[in-house]
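What the coordinates show
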Amino acid sequence: VLHLVNLAAPSAPPIPIANVAEFAFDDAAQWIAYAIATPDELGNSLQLRRLSTGETRVLDTYKASYRRITWADSSTALAALRVDSDTSNSVDEIVTALVWPRVATPAEMLIIDGKTSGLPAGQVLSADYAIAFSATANALYVGLRAPRPPRPRTSGPGASASSAPAPG
């Protein structure tokens, strides 16, 4: 549980926020962005709270984890990685960079994923690397990697052969 404490008003009770996996404050300390993570991922989201008013907004919700919450220097530009690890329909985790040029206008979300033009062919976004804004906050630097090979299935239709010795 994350507890927000108002140091300017020490008698005010702390504000608890449950299931916070990661958080980051903007440089001006006006906003906190945080990732909610639940065991089944059904309630996972990226949320934003204006500290002066307590107004809270859900920026994105998805059955995935949110990582690498990053603010641009001296700006209200925000970015985070959404990592979908449910590989039942794919061979690799799916990483998407979510970018808000101005968090005060959350409808302006930009999405950077494997279909974004300008990314090198045969590369996917990686959750293993930090993300960062350029000095002017008009570019986001992301890590790339080669896709991972498919994992062999161990049960169900199309499963790979058992490792048990053949009868002989």
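Below or above, wherever it landed, is the structure these notes cover. (Residues numbered from 1 in each chain as written. Predicted model: local features only at pLDDT ≥ 70, side-chain atom pairs only at ≥ 80, totals over all residues. Heavy atoms only, no water.)

This part is about the overall build of the protein. Each helix and strand counted, the protein has zero helices and 14 strands in total. Reading the helices (α) and strands (β) of the protein from amino to carboxyl end gives β-β-β-β-β-β-β-β-β-β-β-β-β-β. Looking at the 168 residues of the protein, the share that counts as buried comes to 33%. Pairs at least 24 apart in sequence give 32% of the contacts found in the protein among residues at least 6 apart. Accessible area for the protein stands at about 10100 Å²; split by element, carbon and sulfur atoms hold 56% of it. (Helix = DSSP H or I, 4+ residues; strand = E, 2+ residues; numbered from the N terminus. Buried < 20%, exposed > 50% of the residue type's maximum accessible area, 1.4 Å probe, protein only. Contact = heavy atoms within 4.5 Å. Areas by Shrake-Rupley, 256 points an atom, 1.4 Å probe, with all protein chains shown as cover.)

What follows is about the pairing of strand β7 (residues 65–71). Of all seven residues that make up β7, five are buried, and the element is covered over most of its length. With five bridges joining them, β7 and strand β8 (residues 78–84) adopt antiparallel strand pairing. Paired with Tyr 66 across the strands is Arg 82, a residue of β8. Here β7 folds back onto β8 in antiparallel fashion, the turn holding six residues, of which Ser 74 has a positive phi close to 50°. (Pairing = 2+ DSSP bridges.)

This next bit is on the side chain of Arg 82. Relative to the helices and strands, Arg 82 resides in strand β8. A polar atom in the side chain of Arg 82 sits 2.9 Å from the side chain of Asp 60. (Polar contact = N/O pair within 3.5 Å; in protein donor to acceptor, adjacent residues only side chain to side chain.)

With that settled, the discussion passes to the pattern of salt bridges. Summed over all chains, the structure comprises nine salt bridges. Across the pair Asp 92 and Arg 148 runs a salt bridge whose closest N-O atoms are separated by 3.4 Å. Of the two residues, Asp 92 is situated in the loop between β8 and β9 (94–100) and Arg 148 in the segment after β14 (144–145); the sequence distance between them amounts to 56 residues. Relative accessible area serves as the criterion here: at 10%, Asp 92 is assigned to the buried category. One connected set of salt bridges, linked through shared partners, spans Asp 92, Glu 93, Asp 128, Arg 145 and Arg 148. (Salt bridge = Lys/Arg side-chain N within 4 Å of Asp/Glu carboxyl O.)

The subject of this paragraph is the packing of aromatic side chains. Applying the stated rule across the entire model yields one aromatic pair. Aromatic side chains Phe 23 and Phe 25 sit 5.9 Å apart centroid to centroid with 80° between the ring planes, which places their arrangement in the edge-to-face category. Residue Phe 25 is classed as partly exposed on the basis of its relative accessible area of 39%. (Phe/Tyr/Trp six-rings, centres within 6.5 Å; stacked < 30°, edge-to-face > 60°.)

In this section: the sheet that holds strand β3 (residues 20–25). Spatially, the four strands line up as an open sheet ordered β3-β4-β5-β6, and their pairing is antiparallel. The two strands at the open ends of the sheet, each matched to only one other strand, are β3 and β6 (56–61). In this sheet, neighbouring strand axes are inclined to one another by 20° on average, regardless of whether the strands run parallel or antiparallel. Two strands pair when backbone bridges link them, and strand β5 (residues 45–50) and β6 are joined in this way by five bridges, in the antiparallel orientation. (Axes fitted to C-alpha atoms, helices over the stretch in contact; angles between N-to-C directions.)

You can see Arg 145 is positioned in strand β14. With a relative accessible area of 10%, Arg 145 lands in the buried category. Looking at Arg 145, its side chain comes within polar contact range of the side chain of Asp 92, at 2.9 Å. Not counting the four nearest positions on each side in its chain, Arg 145 is found in contact with Asp 92, Glu 93, Gly 122, Gln 123, Val 124, Leu 125 and Ser 126.

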